[in-house]
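# Descriptive structure summary
Take a look at the letters that make up each chain.
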Amino acid sequence: MWQPGLAPLLLRAARPRAAGAAAAVSPLVARGQGRAASSGSGGWSNLSFTQKMIYSSALLNVCVIGFVWLKRQLKMSEKEAKEMEASKSFEADMDMGSWSESNQFRCFFAAQRYHMLGTASAEEEKSPEVQKMLEVMAQCREELYRKLPIETPAMRPLHTPPQ
C-alpha cells in the first residue's frame, strides 16, 4: 500500500552516497518516528480494541503502583515520626536528676548513683539527696515484689511435674 508521506523518504534513500561521507539519515527516522508519524495514520482512534485495552491496562497499572507506593511512603513517614517522638520521650526520661514516678529509668539511675557514691557507713548516707535515692530504691524494690509471683518456678520441688 502506497502512502504519500513515504515519497520523500524513499527518494532520499535512493540517492547514491559518496564514499567516506557520513550516512544521511532522515530526520523522522533519527527521531524514532517512522511511517506512522509521516503519514499521519497513527493515533488512538486507529488502534484495535485489544491494543486499546493493553495500553489502558498498562496505564492503569502504573497509576495503581504509583498510588500504592505513595501510600506506603506516607505510612512509613508517620511511623518514623512516631519513633522519633518515642525516642525524644526516652531521652527526656533518661535525665539522671529526675526521680518522678513517670520516669521509667528512675530505678536504674538511683541504683547507679548510689553505687557511684561508694558509701561505707550510715553516717555518709545522711544527706537529703542520698535519702531520696534510698526512698526511690525502696519504692522500686516494692514494685518488683508486686510483679513477682508468690511462688516462682525456682521455688517448686524438682520431682513434681509442672502444672
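Summary of the structure given here. (Residues numbered from 1 in each chain as written. Predicted model: local features only at pLDDT ≥ 70, side-chain atom pairs only at ≥ 80, totals over all residues. Heavy atoms only, no water.)

Before going further, it helps to spend a moment on the overall build of the protein. A tally of helices and strands in the protein yields 6 helices and 0 strands. Looking at the protein residue by residue over its 163 residues, the buried ones come to 10%. Sequence-distant contacts in the protein: of pairs separated by 6 or more residues, those separated by 24 or more amount to 27%. Taken as a whole, the protein presents about 13,900 Å² of accessible surface, with 62% of it coming from carbon and sulfur. (Helix = DSSP H or I, 4+ residues; strand = E, 2+ residues; numbered from the N terminus. Buried < 20%, exposed > 50% of the residue type's maximum accessible area, 1.4 Å probe, protein only. Contact = heavy atoms within 4.5 Å. Areas by Shrake-Rupley, 256 points an atom, 1.4 Å probe, with all protein chains shown as cover.)

For the coordinates displayed, the defined rule picks out 3 salt bridges. Taking the shortest distance from any N to any O, the salt bridge between glutamate 129 and arginine 113 comes out at 3.4 Å. Placement of glutamate 129 in helix 6 (residues 128-147) and of arginine 113 in helix 5 (residues 106-117) is noted, with a sequence separation of 16 residues between them. We classify arginine 113 as partly exposed; its relative accessible area is 22%. (Salt bridge = Lys/Arg side-chain N within 4 Å of Asp/Glu carboxyl O.)

As for arginine 113 and methionine 133, which are separated by 20 residues in sequence, their C-alpha atoms are 7.9 Å apart. Polar side-chain contacts of arginine 113 include one of 3.4 Å to the side chain of glutamate 129. (Polar contact = N/O pair within 3.5 Å; in protein donor to acceptor, adjacent residues only side chain to side chain.)

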